[in-house]
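A closer look at the structure
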Amino acid sequence: MPSIPWDSVGRACNNMRLELLLPKYWATWAGLCVMRTMEMLPFSAQRHVGFAVGRLIRHLPLAYVRIARRNIELCMPALSPAEQAGLLDRHFESLGMALCETADTWWSSDRRVHELAEVRGIENLQAALARGRGAIMIGGHFTTIEIATRILGTVVPLNVVYRPTKNALLSHTMFTSFSRHGNPIAHDDIRSMIRALKRNEAVWYAPDQSYRNKGAAMVNFFGIPAATTTATSRLARISGAAVLTYFPERLPGNAGYRVVVGPMLEDFPGLDATGDAERFNRLLEAQIRRVPEQYLWMHRRFKGLTAEYPDYYGRDSRNRAPTQAPKPSL
């Protein structure tokens, strides 16, 4: 099904459309019911269920498993094959837990979410907002990405940049959840981001996935050049907003989460947008090395801007290079 327009998503969130009850969405409704049941479980039970689901996914013949294995090989070459396999196993356990965390993000109360989390560095965000020009908070695609933004939204009004899914029912659910706990902004709506920053608000997004649209550059990620957005520098320059990192960590056992707001990046943006992106990648890599199993390894991160770029994923690759000029995006 083609991607639905953003205004259609908004209308669907105001009025539940009868078309969402069509048979093609019944499987999605069933999945949402399962997730809603997961949300009702105690956190300790969620870990058991989530890890079990992840172990099941790990052993299915899915492209995602092969992609994650390949990314770990590329980014963690110092690990032995046995260590890489162990990391892959733990990653899919973390990915299974992400389903429970997504359910908590969509339906749990602020009190429950806040009680599970330790928030560090909030004074850094307060100092950034005291400048009066907003704050750009950049993070990465960790398996904890959903719960991490929800945690931050319990302590500060937050604009979350996200990409609507092709499934209209999931888009409806996501948009409704974001609207209850913050302000959702479509990933290509640069004007809304700038307006939020001009209102001295915080805008969060993750600029770490493969990006081959206008403004892309080849930037090293774990020592391998990868197509990367440089839009953060442009957005910071236009708005005058401070730029901070925001990284999550799922703690061992039933301890919950720790999320850390970093200090304002000094001299950002610099003279070179590619250098700015490289600088962020080094910070991101350091966080990934802290909790490598919690990074979203199943994304085809290593893509180039031309067809001459190495094909790292073989049969799991898609288009090697963009065939048409797409919309600008973060």
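Residues numbered from 1 in each chain as written. Predicted model: local features only at pLDDT ≥ 70, side-chain atom pairs only at ≥ 80, totals over all residues. Heavy atoms only, no water.

Regarding the nonpolar core
Counting 44 residues, the largest nonpolar core has M76, I136, L284, I288, W297 and F302 as the members making the most contacts within it. Looking at this core element by element, the count peaks at six residues for helix α4 (residues 63-75). Setting aside its immediate chain neighbours within four residues, W297 contacts I67, A68, N71, I72, C75, M76, H91, F222, I288 and P292. (Core = buried A, V, L, I, M, F, W, Y, C linked by side-chain atoms within 4.5 Å. Buried < 20%, exposed > 50% of the residue type's maximum accessible area, 1.4 Å probe, protein only. Helix = DSSP H or I, 4+ residues; strand = E, 2+ residues; numbered from the N terminus. Contact = heavy atoms within 4.5 Å.)

Structural notes on helix α10 (residues 190-198)
One turn of an α-helix holds 3.6 residues; hence residues three or four places apart share an orientation. Among the residues of α10, S192, M193, I194, A196 and L197 are the ones counted as buried. Among the structural elements, β2 (135-138), β3 (158-162), β4 (183-186), β5 (202-205) and α11 (231-239) are those in contact with the buried residues of α10. N200 occupies a position one or two residues after α10 and carries a positive phi of about 65°.

Some thoughts on the packing of aromatic side chains
In total, this model carries 13 aromatic pairs according to the counting rule given. Ring centres of Y295 and W297 lie 5.2 Å apart, and the angle between their planes is 75°; on these two criteria the pair is classed as edge-to-face. A residue is classified by how much of its surface remains accessible, and W297, at 1% relative accessible area, is buried. Chaining the aromatic ring pairs together yields one cluster made of F142, F221, F222, F247, F280, Y295, W297, F302, Y309 and Y312. (Phe/Tyr/Trp six-rings, centres within 6.5 Å; stacked < 30°, edge-to-face > 60°.)

Digging into a nonpolar patch on the surface
Together, L56, L60, L62 and Y64 give the surface a local cluster of nonpolar side chains, amounting to about 370 Å² of exposed area. In this structure, L56 sits in helix α3 (residues 43-58). (Patch = residues over 30% accessible without salt bridge, like charges linked within 9 Å, V, L, I, M, F, W, Y side chains within 5 Å. Areas by Shrake-Rupley, 256 points an atom, 1.4 Å probe, with all protein chains shown as cover. Salt bridge = Lys/Arg side-chain N within 4 Å of Asp/Glu carboxyl O.)

Looking at the pairing of β4
As defined by bridge partners, β3 adjoins β4 across four bridges and the pair is classed as parallel. Within β4, the residue paired with V161 across the bridge is I185. (Pairing = 2+ DSSP bridges.)

Some remarks on the sheet that holds β2
With mixed pairing, seven strands are arranged side by side in an open sheet as β1-β9-β8-β2-β5-β3-β4. Strands with a single pairing partner mark the edges of an open sheet, and in this sheet they are β1 (117-120) and β4. Neighbour to neighbour, the strand axes of the sheet diverge by 25° on average, direction disregarded. Sheet topology places β1 next to strand β9 (residues 257-261); four bridges connect them, and they run parallel. Looking across to β9, one finds that R120 is bridged to V260. Sheet contacts for α11: β2, β5 and β8 (242-250); angle to β2, the most-contacted strand, approximately 165°. (Axes fitted to C-alpha atoms, helices over the stretch in contact; angles between N-to-C directions.)

Quick notes on the layout of surface pockets
What the second largest pocket holds in volume is close to 160 Å³. Taken together, T245, F247, P248, E249, R258, V260, G262, L283, A286, Q287 and R290 make up the lining of the second largest pocket. Taken together, the elements giving at least two residues each to the lining of the second largest pocket come down to β8, β9 and α12 (273-290). Of the residues assigned to the lining of the second largest pocket, the class counts are five nonpolar, three polar and three charged. (1 Å grid on protein atoms, 1.4 Å probe; cavity = no way out; pocket = protein on both sides within 12 Å on 5 of 7 lines; lining within 4 Å. Points joined across faces, edges and corners; volume = space filled by probe spheres on them. Nonpolar A, V, L, I, M, F, W, Y, C, P; charged D, E, K, R; others polar.)

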